[in-house]
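Overview (structure and organization)
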Amino acid sequence: MVLGKQGAGKGTQAVRLSRHYVVPHIATGDTFRAAVRSGSKSGLKAKHYLDAGDLVPDEVVNGMVRERLSHQDADHRGFVLDGFPRTVGQADALMAMLEPHRLDVVLNLEVDTSEVLERLASRRVCADCGANYSVHDNPSRVLGICDVCGGEVVQRDDDTESAIRRRLELYERETAPLIEWFADRGLLANVVGSGPPDEVTDRLVAEVDRYKRLAGS
Ligand code: AMP
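Reference entry: report on the structure contained in this document. What you see is a predicted model, and the numbers here were worked out from it, not measured in a lab. (Residues numbered from 1 in each chain as written. Predicted model: local features only at pLDDT ≥ 70, side-chain atom pairs only at ≥ 80, totals over all residues. Heavy atoms only, no water.)

With that settled, consider the layout of surface pockets. One number sums up the size of the second largest pocket: a volume of about 670 Å³. Around the second largest pocket sit 25 residues that line it, and Arg77, Gly78, Phe79, Arg102 and Asp104 are the ones nearest its centre. Here the residues of the lining of the second largest pocket sort into 15 nonpolar, four polar and six charged. (1 Å grid on protein atoms, 1.4 Å probe; cavity = no way out; pocket = protein on both sides within 12 Å on 5 of 7 lines; lining within 4 Å. Points joined across faces, edges and corners; volume = space filled by probe spheres on them. Nonpolar A, V, L, I, M, F, W, Y, C, P; charged D, E, K, R; others polar.)

Okay, structure coming up:
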C-alpha cells in the first residue's frame, strides 16, 4: 500500500509497482473520478467531495474497496492500494477486510510540501485512463493526448489552489496519523520520494522485497 501527500508521486509509483509485481492497481481516487465521469448516482454524490478536496465518507470508501478486493484478481495475487486508507477508520476497516491475511508493507513516500506544491501545479492526467504526466518533467509525447490510450490529457478539477490547500490540510489531520499507526504494527517503510522516478521505483521495490522476505522467513 502506498501512502503520501497529494503530489508525492503515489499514483505514478503505484502504477509502476503494479506492473513490476503484475498485480492490480487499486486507486480509490481513480474509481471516484470514473464514477463522476459516468454520471452515475454514486458519482454525483462523490463529485462535491472531490471538487472541494474533501474526503468521501469512510462508509462509502470502505464499501467500495471491500467490493473491489473481493474480485478474483485481487484475492489471488495481491494488489497495490493507492489513496486508501486515508483515515484511521479506513485503516481499521482494511485490516478487518484482509483477515486472515495482512498487508505486506505500507510504503510512505516522503516529499517536502514545497516540492509537492510545485508538482501539483504542473500535474496533468489522462481524463480516460488516469495516466499521470507533468508539463515540466514528463509531458505526454503529443501535447494534450495520452501516450497510453489516446485520451485527453487535462489538469485535474481538484488541482486548484483552494482544493489543494484543503487536501493537504486533511492529509495532515486525517492521513498523517496513519504513519505512526502502521509503524506501531511493524508495517511502515519510509521511502524518499524526491529524485528521478526510476530511482524512487527502485527504492520502493527494494523495500517491498525486503518486507516480503521478512514475512516469508
Ligand atoms: P486522489 O486521486 O487519491 O488524490 O483522490 C481524489 C479525491 O477522491 C480525494 O480528494 C477525495 O475526495 C476522494 N478520495 C480518494 N480516496 C479517498 C479515500 N480513501 N477516502 C476519502 N476520500 C477519498
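From this point, things continue past the structure.
Thr28, Arg33, Asp54, Gly83 and Gln90 are the nearest of the 17 residues found near the ligand. In the environment of the ligand, a nitrogen atom lies 2.9 Å from a nitrogen or oxygen atom belonging to the side chain of glutamine 90. Coverage of the ligand by the protein chains reaches 96% of its 480 Å² of free accessible surface. For the shell around the ligand, the secondary-structure elements that each account for two or more residues are helix 2 (28-38) and helix 3 (41-52). The greatest single-element share of the shell around the ligand, amounting to four residues, is contributed by helix 2. Each residue belonging to the shell around the ligand can be placed in one class, and the counts come to seven nonpolar, four polar and six charged. (Near = heavy atom within 4 Å. Polar contact = N/O pair within 3.5 Å; in protein donor to acceptor, adjacent residues only side chain to side chain. Areas by Shrake-Rupley, 256 points an atom, 1.4 Å probe, with all protein chains shown as cover. Helix = DSSP H or I, 4+ residues; strand = E, 2+ residues; numbered from the N terminus.)

We now examine the packing of aromatic side chains. According to the stated counting rule, one finds one aromatic pair in the structure shown. Ring centres of tryptophan 181 and phenylalanine 182 lie 5.1 Å apart, and the angle between their planes is 80°; this geometry places the pair in the edge-to-face category. For the pair shown, tryptophan 181 and phenylalanine 182 are each scored as buried. The ring of tryptophan 181 has arginine 185 lying over it, and the distance from NZ or CZ to the ring centre is 3.6 Å. (Phe/Tyr/Trp six-rings, centres within 6.5 Å; stacked < 30°, edge-to-face > 60°. Buried < 20%, exposed > 50% of the residue type's maximum accessible area, 1.4 Å probe, protein only. Lys NZ or Arg CZ within 6 Å of the ring centre and 35° of its normal.)

So, on to the pairing of strand 5 (residues 123-126). Within a regular strand, side chains alternate between the sheet's two faces. As paired strands, strand 5 and strand 6 (residues 132-134) are joined by three bridges and run antiparallel to one another. What sits directly across from arginine 123, in strand 6, is serine 134. Hairpin connection, strand 5 to strand 6: the antiparallel pair is bridged by five residues, and glycine 130 has positive phi, about 80°. With two bridges connecting them, strand 5 and strand 7 (residues 153-154) associate as antiparallel partners. Bridged to cysteine 126 within strand 7 is valine 153. (Pairing = 2+ DSSP bridges.)

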